[in-house]
Amino acid sequence: MDGIVEFFRTAPIPPDVFAPSLGLIILLPLLGAFVCGVFGKWLGRANVHLVACSAIAGAFVLSVLAFWATSDAAGGRVVSMANPFGLERDVIRYAIAHDYGTWFAAGDFRVNFGLLVDHLSGILLLIITGVGFLIHLYSTSYMEHDDGYWRFFAYLNLFVAAMLTLVMADNLVLLFVGWEGVGMASYLLIGFWYTDSAKAWAGRKAFVTNRIGDFAFLIATFLLILTVGAFNRQADARDFNAASSSRARYAQGIEQKGPVTFKGLEKMALALPEGTGGAVSLATPIEAGPLSGYTFGGVMTAIMLLFLLGAAGKSAQLPLYVWLPDAMAGPTPVSALIHAATMVTAGVYLFCRMSSLLVLSPTAMATIAIVGALTSLLAALIAFAQDDIKKVLAYSTVSQLGIMFMGVGMGVFWAAEMHLMTHAFFKACLFLGAGSVMHGNADETDIKKLGGLWKEMPWTHGTFLVATLAITGIFPIMSGFFSKDAIFHGVHHNHLHGLEWVSTFVYVMGLLITASTAFYMSRVYLLTFTGPRSKEAKVPHAHESAWHMTLPLVVLAFLSFVTFAYALPLMPRTGGGMQPVFENFLSPVLRPAEAVARAAETVKLDTSTPAITDYLFAWLVALSGGAAAAFAYLKYFPSRAGQPVPAFARAVRRTAQNKFYVDELYEFILIRPVKFVAFILFRVVDALVIDTVLVRGTAYVTEKVGLGLRRLQTGDAQAYAAIMALAILGGAVYALLQVLS
Amino acid sequence: MVPITYYLLLAAALFCMGMFGVLVRTNALVVFMCVELMLNAVNLTFLAFARMHGDGMGHVSAFFVIAVAAAEAAIGLAIVIAVFRSRGSVNVDDIRTMKH
């Protein structure tokens with residue numbers, strides 16, 4: 001046993017040796033994208049598959065090494081490095097980083113190309129490259145008959161490279177590069193079948209919706225840069241005492257690494273709370289600069305709310321969630337990779353990364369939690385009535401992301417991150433399972449026209465069942481149950497200072513969501529796999545997919561089963577008692593946030609371990625949802641087949657099926673007025689002023705003047721000479737008059 | 001000693017005759033002769049002023065004008081002959097190709 005522990009504690013490549021190679025993790029998929037995109041047409045299918053898959057496999061191996069290096073504890077000393085923003089003794093543990101030097105600098109603003117891998121980004125690295133590899137493998141079979149396979153793999157690799165940039169960035173600007181990169185890659189992938197205009201439109205919708213969020217993200221970044229500058233000028237040495245740092249070192253760190261580095265922001269968050277006796281606290285007004293007059297706390301709240309809007313765009317939260325269900329127009333592996341496992345969780349990752357700043361603002365936290373809860377419930381209710389298997393899963397993803405936002409908003413960062421991980425496994429498994437179902441049934445996506453697949457597609461059925469049980473929590477020894485329950489437990493016990501009611505509200509919503517999830521996921525499973533085969537099915541018998549497709553399913557199902565172990569309270573807590581493995585695992589990253597929350601007294605973080613009764617209650621709620629679905633779809637509806645449906649039920653169903661008319665509402669409130677203004681601008685400004693008056697008017701005047709002047713050109717040399725002579729005469733007369741007067 | 005006014009009046013009269021000739025005559029050869037007349041009127045003023053000031057610059061200018069006039073006459077005659085060969089006429093009213 002000690003030997004095994006020793007093995008896992010010693011990285012095969014020492015951290016300081018490995019750190020300069022971190023860039024390779026991004027470069028490999030980027031290179032793969034380049035090769036596939038530029039030479040893919042000439043390489044042929046097998047070579048493109050080989051290049052794309054091996055690029056991701058290489059990145060996965062490097063990620064494993066990087067992750068291993070962050071946990072290196074050779075000789076009992078864990079890997080640690082100097083914090084450029086703190087004292088020498090103030091080191092960062094369980095993290096490796098490498099700074100590739102200045103990326104750009106303007107005045108005293110500076111951004112470095114720095115990469116950082118700690119336990120938070122390490123987990124995401126493994127998910128992105130690991131799940132990414134499985135999905136690449138799956139795609140080799142799924143996209144077998146597509147002519148654009150090389151383009152598809154180039155985009156997939158590009159996406160992975162951008163996502164890796166996002167999670168490995170050690171500053172906000174570099175993170176934004178990845179943030180935009182995944183947005184672009186997802187646009188390309190959603191609109192992959194661009195000859196179908198509906199699918200191209202879906203890509204455009206995703207892109208435009210994301211732009212709104214990205215704009216908010218940028219403004220937040222600018223505000224943050226201004227705040228850091230103001231803080232650096234205004235704070236005195238006593239402020240920094242609380243952050244176990246010195247003012248000079250902080251200024252030096254900003255000079256070296258720029259103001260948007262996460263470690264620097266963490267130091268600022270540690271120094272900002274009230275009551276430390278320094279010149280600056282949350283209630284202090286900013287003295288100079290564009291933000292003068294506003295308090296630090298107020299600006300921080302504004303920044304966090306803007307980041308929320310940015311994250312809402314990427315992570316499909318209210319009010320910007322509408323793009324995600326439409327994005328199902330893309331190929332199924334894309335839905336699994338982007339819209340379940342990686343990109344859409346970027347918002348959750350961002351808030352975990354900025355957790356120490358987030359806990360400074362209870363208002364922003366409450367908003368995040370409420371937005372998450374409302375999104376989650378709304379999406380779950382819409383999912384009740386959707387018949388397209390991928391649409392149900394898409395709304396389920398929106399709903400699960402809402403749960404993660406609830407966790408982030410209530411300060412249970414570790415549980416949100418854990419749900420992100422387990423969700424990546426079981427939702428990728430569900431999406432790939434849905435793809436496999438479509439593959440075996442001539443692209444049929446309507447669950448009402450499927451049924452009875454459990455005999456014909458045993459592997460797909462088995463893995464889908466495992467993933468369904470994991471997401472619903474009907475069968476408790478599954479990862480999804482524990483990670484979701486960890487969030488709800490934390491939500492229930494954490495309290496936002498001044499906004500205590502949010503906790504109760506969000507918790508009640510959470511219970512509703514749990515039951516709803518169990519219901520609609522059971523419905524999908526029951527309608528697709530059990531019962532007799534539908535008479536409207538396109539093919540009489542489904543066929544099981546190739547091993548390229550079933551192997552990833554099995555691996556993902558296995559992962560979505562075993563990761564529950566992370567939620568078990570097996571690790572000793574420093575204050576006595578036990579804590580969940582994952583909480584312990586992320587504590588090096590989240591410790592500053594806890595310290596800030598304690599000092600600022602904005603959030604009361606409860607770290608109690610859930611009791612068995614908590615689990616039992618959550619289980620009963622989930623079970624009730626599942627049981628309701630089972631009763632409805634196995635017993636009630638089959639017995640009522642052929643009988644008319646009551647009118648009110650039809651109305652409710654139609655409303656839910658039409659997504660509560662949110663898209664239509666947007667159409668009415670935003671799109672129509674904007675289109676109208678655009679129409680007016682087009683007619684008046686463009687067509688009338690620019691086209692008619694300016695462009696054609698200029699041509700008209702020139703032509704008429706030319707026509708008039710043409711008469712002067714006779715070609716008669718004597719006429720020209722006469723004009724010349726007259727002009728000379730005129731000049732002479734003028735000169736004479738001047739001389740005489 | 002004749003006052004310079006007479007020279008200048010004579011030159012002006014010659015210049016005006018030449019100019020009217022250029023403007024109204026239709027025969028290209030006559031037009032050329034009128035141009036020569038104008039040039040010589042100018043030469044006359046140059047020489048008159050040179051004589052008045054006792055300065056050699058006027059003589060130099062006059063020689064320069066004569067040289068240029070000779071060159072111009074040679075080229076001009078060549079053009080006139082070429083035009084006559086191609087069109088059978090030296091009437092300047094008929095030559096309006098500058099319009100195009």
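Residues numbered from 1 in each chain as written. Chains lettered and ligands numbered in written order. Predicted model: local features only at pLDDT ≥ 70, side-chain atom pairs only at ≥ 80, totals over all residues. Heavy atoms only, no water.

1. Here's the deal with the overall build of chain B
Inclusion rule: Labels follow the DSSP assignment, with helices taken as runs of H or I lasting at least four residues and strands as runs of E lasting at least two, numbered in each case from the N terminus. Every radius of gyration here is taken over C-alpha atoms, with the globule rule written as 2.2 Å times N^0.38, N being the number of residues. When a residue's accessible area, from a 1.4 Å probe over protein chains only, is under 20% of the maximum for its type it is buried; when over 50% it is exposed; and in between it is partly exposed. The contact criterion used is simple: two residues touch if any of their non-hydrogen atoms lie within 4.5 Å. Surface accessibility follows the Shrake-Rupley procedure with a 1.4 Å probe radius. Residue values consider only the protein chains on display as shielding. When charges are counted, neither His nor the chain ends are considered; positive counts come from Lys and Arg and negative counts from Asp and Glu. Every charge is mapped to an atom, namely NZ of Lys, CZ of Arg, CG of Asp or CD of Glu.
Secondary structure summary: chain B contains three helices and zero strands in total. Along its sequence from the N terminus, chain B presents helices and strands in the succession α-α-α. Its C-alpha atoms give chain B a radius of gyration of 17 Å, clearly above 13 Å, the size a compact globule of 100 residues would have. Looking at chain B as a whole, 23% of its 100 residues are labelled buried. Counting contacts in chain B only where the partners sit at least 6 residues apart, residues at least 24 apart contribute 54% of the total. As displayed, chain B offers around 6,800 Å² of accessible surface, 73% of which is attributable to carbon and sulfur atoms. In chain B, the 6 positive side-chain charges and the 5 negative ones have mean positions that sit 8 Å from each other.

2. A word on the overall build of chain A
Of regular secondary structure, chain A possesses 29 helices and eight strands. The C-alpha extent of chain A, read off along each of the three principal axes, is 120 × 75 × 55 Å. For chain A, with 741 residues in total, the buried portion stands at 53%. Here the contacts in chain A between residues at least 6 apart in sequence split such that 78% fall between residues at least 24 apart.

3. Re the state of the cysteines
So the rule is basically this: In what follows, a disulfide is any cysteine sulfur pair within 2.5 Å.
Taken as a whole and judged by the stated rule, the model has zero disulfides over all chains. Take A:Cys429: it sits in no disulfide, and the sulfur closest to it among the cysteines is that of A:Cys53, at 19 Å. On the basis of relative accessibility, which here comes to 0%, the residue A:Cys429 falls in the buried class. For B:Cys34, which is in no disulfide, the shortest distance to another cysteine sulfur is to B:Cys16 and amounts to 12 Å. You can call B:Cys34 buried: its relative accessible area is 11%.

4. Here we look at the packing of aromatic side chains
Pairs of aromatic rings are described using the distance from one ring centre to the other and the angle between the two planes. Residue and element names in this part refer to chain A. Quick note on the threshold: Centre distance within 6.5 Å is the pairing criterion for rings of Phe, Tyr and Trp, where only the six-membered ring of Trp is used; planes under 30 degrees apart are then read as stacked, over 60 as edge-to-face, and the remainder as tilted. In this scheme, the term charge over a ring applies when either NZ of a lysine or CZ of an arginine sits within 6 Å of the ring centre and within 35 degrees of the ring normal.
Taken as a whole and judged by the stated rule, the model has 34 aromatic pairs over all chains. Each ring, one from Phe85 and one from Tyr250, has its centre 5.8 Å from the other, and the planes form 55°; the classification is tilted. Note that Phe85 is positioned in the loop between strand E1 (80–82) and strand E2 (91–93) and Tyr250 in helix H10 (residues 247–257), a separation of 165 residues in sequence. When the centroid spacing of 6.4 Å and the interplanar angle of 85° are considered together, the rings of Phe231 and Phe296 count as edge-to-face. Of the two residues, Phe231 sits in helix H8 (residues 197–234) while Phe296 sits in helix H12 (residues 296–314), which places them 65 residues apart along the sequence. The exposure classification of Phe231 matches that of Phe296, with both residues buried. In this structure an aromatic cluster arises from ring pairing among Phe85, Phe231, Phe240, Tyr250 and Phe296. For Arg204, the ring lying beneath its charged end belongs to Trp201, and the centroid distance is 4.1 Å.

5. Some details on the interface of chain A and chain B
Note the following rule: Computed with a 1.4 Å rolling probe, the buried area is the accessible surface lost when two parts are put together, summed over both parts. When a carboxyl oxygen of Asp or Glu lies within 4 Å of a side-chain nitrogen of Lys or Arg, that pair is called a salt bridge. Between N or O atoms, a polar contact is any pair within 3.5 Å; within protein, one atom must be a potential hydrogen donor and the other a potential acceptor, and residues adjacent in sequence are included only when both atoms are from side chains.
Each side of the interface is counted separately: chain A has nine residues, and chain B has twelve residues. Of the roughly 860 Å² buried between chain A and chain B, counting both surfaces, carbon and sulfur atoms make up 55%. Across the contact surface, chain A and chain B share zero salt bridges. Linking chain A to chain B there are two residue pairs in polar contact (both at pLDDT 80 or more).

6. As for the pattern of salt bridges
Residues and elements named next belong to chain A. Counted under the stated rule, the structure contains ten salt bridges over all chains. Notably, a salt bridge pairs Lys257 with Asp170, separated by 3.2 Å at the nearest N-O pair. One end of the pair, Lys257, is in helix H10; the other, Asp170, is in the loop between helix H6 (149–168) and helix H7 (172–190), and 87 residues separate them in sequence. In this pair, the class of Lys257 matches that of Asp170, namely buried. Arg573 serves as the salt-bridge partner of Glu583, at 3.8 Å between the closest nitrogen and oxygen. In this pair, Glu583 is assigned in helix H25 (residues 581–600) and Arg573 in the loop between strand E6 (569–572) and strand E7 (578–580), connecting sequence segments ten residues apart. For Glu583, a relative accessible area of 9% puts it in the buried group. A network of salt bridges, in which partner residues are shared, links Asp99, Asp170 and Lys257.

7. Re the nonpolar core
Applicable threshold: We define a nonpolar core as any set of buried Ala, Val, Leu, Ile, Met, Phe, Trp, Tyr and Cys residues linked to one another through side-chain atoms lying within 4.5 Å.
Counting residues in hydrophobic clusters, the biggest one holds 222 residues, and the most contacted among them are A:Phe159, A:Leu172, A:Phe231, A:Phe307, A:Phe351, A:Met354 and A:Leu357. Residues contacting A:Leu172, with those up to four places away along its chain left out, are A:Phe217, A:Thr221, A:Leu224, A:Val260, A:Phe262, A:Leu265, A:Phe307, A:Leu350 and A:Met354. B:Val22, B:Val30, B:Cys34 and B:Met38 belong to the second-largest nonpolar core, a separate cluster that totals five residues.

8. Considerations on the confidence of the model for chain B
Heads up, the rule is: pLDDT expresses how confident the predictor is about each individual residue, on a scale running from 0 to 100.
Of all residues in chain B, 96% have pLDDT values of 70 or greater, and the mean over the chain is 88. Both scores are available for the predicted complex, with the pTM at 0.79 and the ipTM at 0.76.

9. Here we look at the pairing of E6(A)
Residues and elements named next belong to chain A. We apply this condition: A pair of strands is treated as paired once DSSP finds two or more bridges between them.
Sheet topology places E6 next to E7; three bridges connect them, and they run antiparallel. Counterpart to Pro569 in the pairing with E7 is Pro580. Between E6 and E7, which pair antiparallel one after the other, the connecting turn spans five residues, and Gly576 there sits at a positive phi close to 95°.

10. Remarks on the pairing of strand E3 (residues 95–106) of chain A
The sheet contact formed by E3(A) and strand E4 (residues 109–118) of chain A spans nine bridges and is antiparallel. When the bridges of E4(A) are listed, A:Ala105 appears paired with A:Arg110.

11. Some remarks on unusual backbone geometry
Residue and element names in this part refer to chain A. Located in the positive-phi region is Tyr94, a residue other than glycine, with phi close to 55°. Within the secondary structure, Tyr94 is located in the loop between E2 and E3. Residues other than glycine seldom take positive phi values, yet Ala316 does so here, at roughly 55°. Tracing the chain through its elements places Ala316 in the loop between H12 and helix H13 (323–326). For Ala316, a relative accessible area of 0% corresponds to the buried category.

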